[in-house]
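Here is what each chain is made of, one letter per residue.
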2 protein chains.
Amino acid sequence: MDNGYMQLAVQQALRGGPATYQNPQVGAVLVKDGRVISQGYHAHFGGDHAEVACLKGATPEQARGATLYVTLEPCSHYGKTPPCSHRVAEAGIKKVVIGQLDPHPVVAGRGRDYLRQHGVDVQVLEPSAAVLALNRHYNWFYQHERPWITLKMAQTLDGKLNAVTGERSRLTNAAANADSQRLRATFHAILVGERTLTTDDPQLTVRTQALAHPPVRLVVLNRSDAAVGHRLVTDGLAPTWLLCRQASPRDTQLEQSGSDVHVVIGDWTPQAISTFCHQHGWQSLLVEGGSQLHAQFVQAGLVEEWLSYVVPTVFGGQALPAARDTTYAATPMTFTAPQVTNLAGNLRIQAYRQGVV
Amino acid sequence: MDNGYMQLAVQQALRGGPATYQNPQVGAVLVKDGRVISQGYHAHFGGDHAEVACLKGATPEQARGATLYVTLEPCSHYGKTPPCSHRVAEAGIKKVVIGQLDPHPVVAGRGRDYLRQHGVDVQVLEPSAAVLALNRHYNWFYQHERPWITLKMAQTLDGKLNAVTGERSRLTNAAANADSQRLRATFHAILVGERTLTTDDPQLTVRTQALAHPPVRLVVLNRSDAAVGHRLVTDGLAPTWLLCRQASPRDTQLEQSGSDVHVVIGDWTPQAISTFCHQHGWQSLLVEGGSQLHAQFVQAGLVEEWLSYVVPTVFGGQALPAARDTTYAATPMTFTAPQVTNLAGNLRIQAYRQGVV
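Residues numbered from 1 in each chain as written. Chains lettered and ligands numbered in written order. Predicted model: local features only at pLDDT ≥ 70, side-chain atom pairs only at ≥ 80, totals over all residues. Heavy atoms only, no water.

- Identification of chain A as Riboflavin biosynthesis protein RibD from Lactiplantibacillus modestisalitolerans is taken from an unreviewed UniProt entry.
- Under Function (unreviewed entry), UniProt gives the following word-for-word description of chain A: "Converts 2,5-diamino-6-(ribosylamino)-4(3h)-pyrimidinone 5'-phosphate into 5-amino-6-(ribosylamino)-2,4(1h,3h)-pyrimidinedione 5'-phosphate." (UniProt positions renumbered as here; feature names shortened; annotations may be inferred.)

Below, the structure is given as structure tokens:
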């Protein structure tokens, strides 16, 4: 029975989607005498937490003595809203069943402890796959103090990104493009390399849904000059960070352009980029290429997930291979059994690095 | 009803398998008064053709006035056995329903014509996908006067064949290896390049089933010296043809080794290899790598089918990409929507070149 109610709570949580950024997705179900009294979820950042939304659906009388199923440990700190654990205890909830303890350092067991200290019976379940999947990026970020990193690319059957290096090859069909947009909406930051910037002039935006907090856009490049005139620094559709190796007189000009562009000079290894994301609270990073940048993240061991859209074309010849950097040896990285989705003839291949999930 | 009986005949034909080499797979069903009287198939080269096998299951009385469903046009020439069209007419069969005309130049409508000239009612169906698939290689070979060519490889998620060029990477699991063995059994010739020979020392044999005619083994190489000591020229498990660019004193020695080894000197372009296969009656060619050989067949436009086993590993770095030859530009080739089979976590991805099927 617990599992059934927790599954209901998971379904509630999923209604939140990317709008909860940068909070996790949480769902709650209130049960009394074997009946579901009310359900709730965290709908958007700054809005009611799931527990509060759920309690609002019940009368004080109904809530008293009821059991609350919640996918994530109730919070214990004052943030945008008062602590949920206080509200739950005050409402006279008899028992709280928790799907997963909150890895966020300001909670991390304190919500559970507060409830117990205030006479609530607390049961913490072994987190199910469905519960963990709700906040995969969030969990990873707080457990490992760096963003979840996914490599994403479109490639041919022979593993190529472009027919001609420096010229864009449009590979994927409409179904794959739509899927790619949905994917972007679930990330906090998107990264490309300099050649991808200059070859594709990408926007890296989510065009299929309105987001209060669209993913920030990161570019690794030598000098900011290469970015001038490209859409990432002119469209103003999301913040853009130019991670440059060298300073340039253009830097100030770009930053003052009014398009939310930032220039940061540094030695931008994958590790440095990962740390930079962590410092900014970006819980997830989608690396969209090109080939060398993918290879560098593989070499650094900084990959949690692989996601390729494979199109039924073969390039052969000197086409640009996926994830290749000839300056160092191959660095084999093992993934879990891939999941394949057929998107109208394009294949979406997804796998997690072994041991990650 | 016709379709139902033809489907039965297809099922019969499939029982023949690679043992019919180099005849096609054929099945037949004899029907009278709405009842199936007998069924038959071509079981092995030199054995009864399907029509004869089927007629043997019926009494002369039963056969007279019956309808024969046969997947391929009955033959009209004296080969290993007398012409089936004669036997069918002599048996007093009233009607013959043919799944597909035989593209073999010695038949090619002559069986149909013979039957009609001898008072048999003949109906030739529009060939169904199942009927065509029975003898895809055979059909292609006689319609295009060259072998059906399939590129086959094991690759990583990032489209690489080897972590280190010149060192073998064992990528696939047992399920994929078994599938690869089944695949080989359906081909007449298997081709590898010199680097694959020296790196992998492959046998290119079918170890999972006994075949009267195992696929011949072809290697393109500069001089036969590179083959000395390798299993292809010592194991004697199938004929081996060394397609060399230059003659060598070793040539005679290899040919006289008693291991069924042949050396042929020539300019072995994909076109030349294709012509060579045609001259030898090898209806199908499986190109098993390496990277450059695959790329050369792509550039030559000589690819009917793509078949890759994708393993959940990423190599990155300077690993060897699939189908790459940096001496010429990419030559995009479009395939049909890929079919994917999950083989215990390895993905089998198969596609036909657009327009081929």
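1. Observations concerning the relation of the copies chain B and chain A
Argument step 1. Rotating chain B by 180 degrees and translating it 0.1 Å along the rotation axis places it on chain A, where the RMSD comes to 0.1 Å. Such a combination of rotation and displacement between the chain copies is what one expects of a two-fold axis. In terms of C-alpha distance to the rotation axis, chain B has B:G159 as its closest residue, with the C-alpha 2.0 Å off the axis.
Argument step 2. Most of the interface of chain B is mirrored in chain A: 100% of its interface residues are interface residues there too. (Least-squares fit on C-alpha atoms with pLDDT ≥ 70 in both. Contact = heavy atoms within 4.5 Å.)

2. Structural notes on the confidence of the model for chain A
Argument step 1. Here chain A averages 93 in pLDDT, and 99% of its residues register 70 or above.
Argument step 2. Here the predicted complex carries an ipTM of 0.89, next to a pTM of 0.91. (pLDDT = per-residue confidence, 0-100.)

3. Side note on the pattern of salt bridges
Argument step 1. One pass over the structure, following the stated rule, counts 27 salt bridges over all chains.
Argument step 2. A:D179 serves as the salt-bridge partner of A:R348, at 2.7 Å between the closest nitrogen and oxygen. Note that A:R348 is positioned in strand 18 (residues 346–352) and A:D179 in helix 8 (residues 174–185), a separation of 169 residues in sequence. For the pair A:R348 and A:D179, one class covers both residues: buried.
Argument step 3. In this structure, the salt-bridge partner of B:R353 is B:E304, at a minimum N-O distance of 2.7 Å. Taken together, the residues span a long stretch of sequence, with B:R353 in the segment after strand 18 (346–352) and B:E304 in the loop between helix 12 (291–299) and strand 13 (305–311) at a distance of 49 residues. Comparing B:R353 with B:E304 shows no difference in burial state: the two are buried.
Argument step 4. Residues participating in the shared-partner salt-bridge network are A:R146, A:E304 and A:R353. (Salt bridge = Lys/Arg side-chain N within 4 Å of Asp/Glu carboxyl O. Helix = DSSP H or I, 4+ residues; strand = E, 2+ residues; numbered from the N terminus. Buried < 20%, exposed > 50% of the residue type's maximum accessible area, 1.4 Å probe, protein only.)

4. Focus on the interface of chain B and chain A
Argument step 1. Chain B puts 41 residues into the contact, and the matching count from chain A is 41 residues.
Argument step 2. The junction of chain B with chain A conceals about 3200 Å² of combined surface from both sides, 63% of it contributed by carbon and sulfur atoms.
Argument step 3. Taken together, the links from chain B to chain A amount to zero salt bridges.
Argument step 4. Linking chain B with chain A are 24 residue pairs in polar contact (both at pLDDT 80 or more), by the criterion used here.
Argument step 5. For the side of chain B that touches chain A, the secondary structure elements donating two or more residues are helix 12, strand 14 (313–314), strand 16 (333–334), strand 17 (339–343) and strand 18 of chain B.
Argument step 6. Looking at which element gives the most residues to the side of chain B that touches chain A, the answer is strand 18 of chain B, with three residues.
Argument step 7. In terms of residue class, the side of chain B that touches chain A is built from 24 nonpolar, 13 polar and four charged. (Buried area = accessible area lost by both parts, 1.4 Å probe. Polar contact = N/O pair within 3.5 Å; in protein donor to acceptor, adjacent residues only side chain to side chain. Nonpolar A, V, L, I, M, F, W, Y, C, P; charged D, E, K, R; others polar.)

5. Topic: the environment of A:A210
Residue and element names in this part refer to chain A.
Argument step 1. Considering the arrangement of structural elements, one finds A210 in the loop between helix 9 (194–200) and strand 9 (216–221).
Argument step 2. A relative accessible area of 79% means that A210 is categorised as exposed.
Argument step 3. Distance in space between the C-alpha atoms of A210 and Q117 is 42 Å, their sequence separation being 93 residues.

6. Overview of helix 11 (residues 270–280) of chain A
Residue and element names in this part refer to chain A.
Argument step 1. Turning to helix 11, its buried residues are P270, I273, S274, F276 and C277. Projected down its long axis, helix 11 shows its buried positions confined to an angular sector of 160 degrees, all on one face.
Argument step 2. Looking one or two residues past helix 11, G281 carries a phi angle of roughly 75 degrees, positive in sign. (Arc of directions from axis to C-beta.)

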